[in-house]
Amino acid sequence: MKQRLFISLLLLVSGCTAAKKPVSAVKDTAIPMEHCETTEIIHPRVTLDNGLWKLSLIPSTMGGFDRFYSAKHPENLFWGISHSKTVTGGLIERNITLGHMLVERFWGVNGIDVSLMPMQVTASGKNFVELYASPYGASAVALRRRVTLPEGENAILVNGKVTNLANRELKIRPWINYVPREGRTIRLIPAKGNVGQTGVGSTSRMAEDGIYSLSKERNVFLPPVRNFIAVNYQPENCTVAILPENSDLADSAFYMYNGTIAGKRSGGTIEYIIKGTPLKKGESLEYSYRIAVYENMPRIRDIAGTVAVDAAVEGKKLTVKLAVFRSEESQKLRVQLKSPAGKVITLPERETIALSPEKTVEIVYELPENADDKWVISGDIGGNKFELLKLFLDTSADLGDNFK
């Protein structure tokens, strides 16, 4: 690939044992070991708080998201990052980056992968911050970004405006790359079947439309069939979804990377490369996305508006499960089942109770005949349509009890 996928300024340090904390090293007799000192670089953080969640970001490192946590989930959901500086013999200084932050990148735009380039804070409040950089990450674009923890939401809202600074036209594709912290996570990738090409190039050809978890050993591009990508945290039993405003799935792509980031093995990424927009010099593109947390919802098989939907069929019983990242008023729910032979069962319209991000809602239907998981379940909630995708779970991964 022409462009690196992650922030990585890792430089291997030879001949040093850290004075304040250990750094792996190879012996070097040219400079005495006692003349090497490693210290942590402390970056000022901006912390947003909406009363439910806290988000910390680091303006001096491209405004990267460093920590995302709540009272219920005190452990950071992001991988996080640390910087240190090693001075050898008082003369040679090297910076080391471990970990990864979530920052905007733009597919095909060179020069963004520089984690120590700062953004300027232009405005801030308890639950929002605005940042600006020109150029952004030593690249050919400028970026103005507003990050908000909206009141009452289990979500981060990002509104960005990117401007082309180059003396030529650039095709700008916002590129969101999320690295979950290490631990038991299951990726949920809604991929389109029988497609081998998207706007970013060749993709893995999946047999049919579905939610794929795939192995943690695969690095693949996948064509989107839904406008979200997600990861389930097994210990917390919550699922984090990236929800961009994106109207052209055919020109977009998902990417999953597994491997070493800055010298440390990662648990795998979920990345969304949004459709491209050609911009001439001085022209701008506005974009937005949410990073939303759905509690007690391990299997998201579609998202209708803001409502995550799952369902299970057992004989003559259908259980529909709904979850939200913000409170929603009671809405009408319509559900239909279609058998492999083409038979359709339309169920009576239901009124849901008011939906709350603190808990999921289960609605149970009695079916007129036996059905199973081969039946297609579709419908709408509050006018937002859904059609639940088939799950293709990777049994080589630790799926835990939530996916049984």
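Heads up: the structure comes first, above all this text.
Residues numbered from 1 in each chain as written. Predicted model: local features only at pLDDT ≥ 70, side-chain atom pairs only at ≥ 80, totals over all residues. Heavy atoms only, no water.

A. Focus on unusual backbone geometry. Looking along the chain, the bond that leaves Ser-134 and enters Pro-135 is cis, with omega of 0 degrees. As for its position among the elements, Pro-135 is in the loop between β9 (128–133) and β10 (141–148). Phi is positive for Ala-138, which is not a glycine, with a value near 60 degrees. Within the secondary structure, Ala-138 is located in the loop between β9 and β10. Positive phi, close to 60 degrees, is recorded for Asn-194, a residue that is not glycine. Checked against the element boundaries, Asn-194 lands in the loop between β14 (185–191) and β15 (197–198). When its relative accessible area of 56% is taken as the criterion, Asn-194 is described as exposed. (Helix = DSSP H or I, 4+ residues; strand = E, 2+ residues; numbered from the N terminus. Buried < 20%, exposed > 50% of the residue type's maximum accessible area, 1.4 Å probe, protein only.)

B. View of the sheet that holds strand β2 (residues 46–49). Strand order in the open sheet formed by 3 strands is β2-β3-β4, and the pairing between neighbours is antiparallel. Two strands lie at the open edges of the sheet, namely β2 and β4 (64–70), each paired on one side alone. Sheet twist, expressed as the mean angle between neighbouring strand axes with direction ignored, is 20 degrees. One ladder, built from 4 bridges, connects β2 with strand β3 (residues 53–58); its direction is antiparallel. Residue pairing across strands places Thr-47 opposite Ser-56, the latter belonging to β3. (Pairing = 2+ DSSP bridges. Axes fitted to C-alpha atoms, helices over the stretch in contact; angles between N-to-C directions.)

C. Examining the environment of Ala-230 more closely. Tracing the chain through its elements places Ala-230 in strand β19 (residues 229–233). Judged by relative accessible area, Ala-230 falls into the buried class, the value being 0%. When the C-alpha atoms of Ala-230 and Tyr-178 are compared, they prove to be 9.5 Å apart, with 52 residues separating the residues in sequence. Not counting residues within four places of it along the chain, the set of residues in contact with Ala-230 comprises Ile-186, Arg-187, Leu-188, Thr-239, Val-240, Ala-241 and Ile-270. (Contact = heavy atoms within 4.5 Å.)

D. Spatial organisation of the packing of aromatic side chains. Summed over the entire model, instances satisfying the criterion amount to 12 aromatic pairs. Ring geometry for Tyr-212 versus Phe-392: centroids 4.7 Å apart, planes at 5 degrees, classification stacked. Residue Tyr-212 is located in strand β17 (residues 210–212), and its partner Phe-392 is located in strand β35 (residues 391–392); the two are separated by 180 residues in the primary sequence. An aromatic cluster of at least three residues, connected via ring pairs, comprises Trp-53, Phe-65, Phe-68, Phe-78 and Tyr-178. Its end group placed over the ring of Tyr-69, Arg-67 keeps NZ or CZ at 4.4 Å from the ring centre. One Lys or Arg, Arg-146, reaches over the ring of Phe-128 and ends 4.1 Å from the middle of that ring. (Phe/Tyr/Trp six-rings, centres within 6.5 Å; stacked < 30°, edge-to-face > 60°. Lys NZ or Arg CZ within 6 Å of the ring centre and 35° of its normal.)

E. Structural view of the pairing of strand β28 (residues 307–323). Where burial is concerned, most of β28 is hidden: 12 out of the 17 residues are buried. Where strand β27 (residues 302–304) lies against β28, 3 bridges are found, and the strand directions are antiparallel. Residue Asp-302 lies in a different strand from β28, and its bridge partner there is Val-309. Where β27 hands over to β28, the hairpin turn is made up of 2 residues, of which Gly-305 adopts a positive phi near 70 degrees.

F. Examining the pairing of strand β24 (residues 270–273) more closely. Burial of the side chains of β24 extends over both faces: Ile-270 and Tyr-272 are buried on one face and Glu-271 and Ile-273 on the other. Relative to β24, strand β13 (residues 174–178) runs antiparallel, the two being bridged by 4 bridges. Counterpart to Trp-175 in the pairing with β24 is Ile-273. Sheet topology note: the strand β21 (residues 253–256)/β24 ladder contains 3 bridges and is antiparallel. Bridge pairing links Tyr-255 to Glu-271 in β24.

G. View of the layout of surface pockets. Roughly 810 Å³ of internal volume is contained in the largest pocket. Forming the walls of the largest pocket are 27 residues, and the residues nearest its centre are Arg-299, Arg-301, Ala-311, Asp-373 and Leu-391. At the level of secondary structure, the elements contributing two or more residues to the lining of the largest pocket comprise β28 and β33 (376–381). Per element, the largest residue contribution to the lining of the largest pocket is 8 residues, and it comes from β28. Tallied by class, residues from the lining of the largest pocket come to 10 nonpolar, 2 polar and 15 charged. (1 Å grid on protein atoms, 1.4 Å probe; cavity = no way out; pocket = protein on both sides within 12 Å on 5 of 7 lines; lining within 4 Å. Points joined across faces, edges and corners; volume = space filled by probe spheres on them. Nonpolar A, V, L, I, M, F, W, Y, C, P; charged D, E, K, R; others polar.)

H. Region of interest: the side chain of Ser-139. Among the secondary structure elements, Ser-139 is positioned in the loop between β9 and β10. At 3.3 Å, the side chain of Ser-139 forms a polar contact with the backbone nitrogen of Val-141. (Polar contact = N/O pair within 3.5 Å; in protein donor to acceptor, adjacent residues only side chain to side chain.)

I. Region of the structure containing the sheet that holds β28. Pairing in this open sheet of 3 strands is antiparallel, and the strands run β27-β28-β32 from one edge to the other. Edge strands, defined here as strands with exactly one partner in the open sheet, are β27 and β32 (361–371). Strand-to-strand twist across the sheet, computed as the mean angle between neighbouring axes with direction ignored, equals 45 degrees.

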